[in-house]
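# Close look at the chain arrangement
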Amino acid sequence: MQIEVNETAPETAETPPLFVSQDAWRDFLTPQSNEAYLAGWLAIVCRKLEGTRAAVLFLRGDTGQLGLAAGWSTEGQDLADYAPVADQTTRRAEPFLKIDPGGPLLGYPIQQDGAIVAVTVMRLTSHPGAGLQGIMREMHWASGWLESRLWQGRAALGTQQAQSARLVLDLLAATDVHQRFEAAALALVNELPQRSGFDRAALAMMRGKRLRLEALSRDTSFSRKAALVRQYEAAMAEAADQSDVVVYPERPDGRNMIRLSHQALSRDTGAGLIMSTPLLVRGEVVGVLLVEKNRAQDEVLELDDSAVLDFKLAATAIAPLLKAKYDETRWISGKGRYLAGRGLSALFGRRPAFTVGAIVLAALVATPFFVPVDQRVRADATLRGGVQRSIVAPVDGFIEAALVQAGDVVAAGDVLVRLDDRDLRLEQSAALAAVRTAEQNWRQAIAEVNRTNAALARAELDEARARLALIDTRLERLTIRAAQPGQVISGDLSQRIGAPVRLGDVLFEVATLDRFRLFVDVSEFDLELVAPGQSGGVVFSGQASRTVPFTVTSIASVSTPENGENRFRVDASVDAGGAALRPGLQGVAKITTGQTTLARQWLRGTLVRARLLLWRVLP
């Protein structure tokens, strides 16, 4: 796979947030970008549909949210009117027409594989009436062009991913074919230019707190005191200090990075493009990989976004392999261990000291079989409140105010959230008016001594009062209160003010703080040792200096598969003892199940699995 390098001058103009086509057919037939194609398509479609004043195209992005992609004749208009129509069209999964003072708004969904990928919202001059069917037919045929463009994008993405994977596999194969680090590093920097289209590559590894150049492409040996070597190390140090890819002259995404040493290296080597990325292992920089590309006179080189991603992917995949090989070159963990092994083998194989060493080794091996220890079952544990309740939405509605969030301590009766009551207030006024009308009719029937009308009026009055009482009850439910004192352990609605909620949606979870329960996930291989009444201790990740005692109360009969084995939940009561415990703490629990030897404690799990394996394979 070749990392693409565009030998063209970089563009300086910024793409506007909402692309509007200036030449629709040019942008549609020979688009310079996806934005231009979408704007051209939208302009052609809208011009063909009579009565269309303006239009906006919403496209679903990588995050799954609809975003503005293109517009037509939207200058001076408020784009905020289009978004609700697009949202309603997405929810309904069908065309949606909204009557608006500025002109009717028509939303048309565009689907692909059963999912809505885009929505076109058009502002019409007037209600389409019978012409709506013609608009739908034209949009149906026109959406095929947009779907075709999306399929082309997916195909291009798949091809790019396949090429990226091939580059990574080729570099891994070239690196892993050699056992020693020096040969593997040289093979990597020689293979990378051939596979990527760059001219040179360099590799530096972190030794202590300083980067050291280890390999240069097509250069088996170099002087570490040379000025050029120090410049390479300085440029790579910029990438290591920033823990991100550094590109000279600039990154494709326009992100500002410190690249003074890269500029100096380019001036001395004549490279028109330099890119370096840190090699990360578990978030720690272990080295830096650098590539260069030469340029002709007055030539400007530009790097594609895909090239940066491919380079970062390759560096991520190669970093652990290089780190493992590089560690073997160190004296303590690498060369020293190898030489020590050879020396001990020679010593014990030819000298009487072998007998002494064998006796000492036998004593060390036998000691664990005679040392008594407490037999403990170790498992992951999670702390929960003694009583934990979910606060759910009692009715459909909209959030008006959220007064608490996760971590707050509340008392019984405290208001947690209020839902919007404006609609119900209107219904309450209408119901109250109906009650008064029914009362007036009933009094009039009584005054006229008309028993039939009085009975009917009385029934209507009872019905109106019942409807008013129901509305009053629903109004009371819009103010959601805490049913018990405790701490809010989940739920944050502060960023959802005005958002809709449905009946039964979980809004908060409140757990008591006066007593706690401990859930211990015990492996099926250790379950036979655990019984109610046993004691133990748990250390939580946030309180590693304190061991909290607990007592096993029950063992659940339902198992959960995890890491290739079944785990049973063991419930335990926790003696808080004044500790600052909070629901949700996680840690490691150890249940004391009796006495055993140190060796049996170490090997018990292996022995249980070995017995099970023998039971399966033996006749």
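Turning next to the pattern of salt bridges. Under the counting rule described, the total for this entry stands at 16 salt bridges. Arg458 serves as the salt-bridge partner of Asp462, at 3.6 Å between the closest nitrogen and oxygen. Here Asp462 and its partner Arg458 are both found in helix α12 (residues 451-477), 4 residues apart, which amounts to about one turn of the helix. Residue Asp462 is classed as partly exposed on the basis of its relative accessible area, which comes to 37%. When salt bridges that share partners are traced, they join Asp244, Arg251, Arg255 and Lys312 into one network.

Bringing the confidence of the model for the protein chain into the picture now. When pLDDT is low, close inspection of the predicted coordinates is not appropriate. When pLDDT is averaged across the protein chain, the result is 78; 85% of the residues are at 70 or more. Across residues 1-16, confidence stays below pLDDT 50; counting only partners more than four residues off in sequence or on other chains, it has 42 contacts.

The next thing to look at is the packing of aromatic side chains. Inspection of the entire model under this criterion finds 1 aromatic pair. Plain terms: the ring middles of Phe181 and Tyr326 are 5.0 Å apart, the flat faces sit at 65 degrees to each other, and that makes the pair edge-to-face. Taken as a pair, Phe181 in helix α5 (residues 181-196) and Tyr326 in helix α8 (residues 305-327) lie far apart in primary sequence, 145 residues in all. In this structure, Arg569 is placed above the aromatic ring of Phe519, and the distance from its NZ or CZ to the ring centre is 4.2 Å. In this structure, Arg609 packs its charged tip against the face of Phe525, placed 4.0 Å from the ring centre.

Excluding glycine, residues mostly have negative phi values, and the peptide bonds linking residues are mostly trans. Cis geometry is found at the peptide bond from Tyr248 to Pro249, where omega equals 15 degrees. Looking at the element boundaries, Pro249 is found in the loop between β10 (246-248) and α7 (260-269). Although it is not a glycine, Ala93 adopts a positive phi angle of roughly 60 degrees. Note that Ala93 resides in the loop between α3 (82-92) and β5 (96-98). Classification of Ala93 as partly exposed rests on a relative accessible area of 38%.

Each value, and the rule that gives it
Residues numbered from 1 in each chain as written. Predicted model: local features only at pLDDT ≥ 70, side-chain atom pairs only at ≥ 80, totals over all residues. Heavy atoms only, no water. Salt bridge = Lys/Arg side-chain N within 4 Å of Asp/Glu carboxyl O. Helix = DSSP H or I, 4+ residues; strand = E, 2+ residues; numbered from the N terminus. Buried < 20%, exposed > 50% of the residue type's maximum accessible area, 1.4 Å probe, protein only. pLDDT = per-residue confidence, 0-100. Contact = heavy atoms within 4.5 Å. Phe/Tyr/Trp six-rings, centres within 6.5 Å; stacked < 30°, edge-to-face > 60°. Lys NZ or Arg CZ within 6 Å of the ring centre and 35° of its normal.

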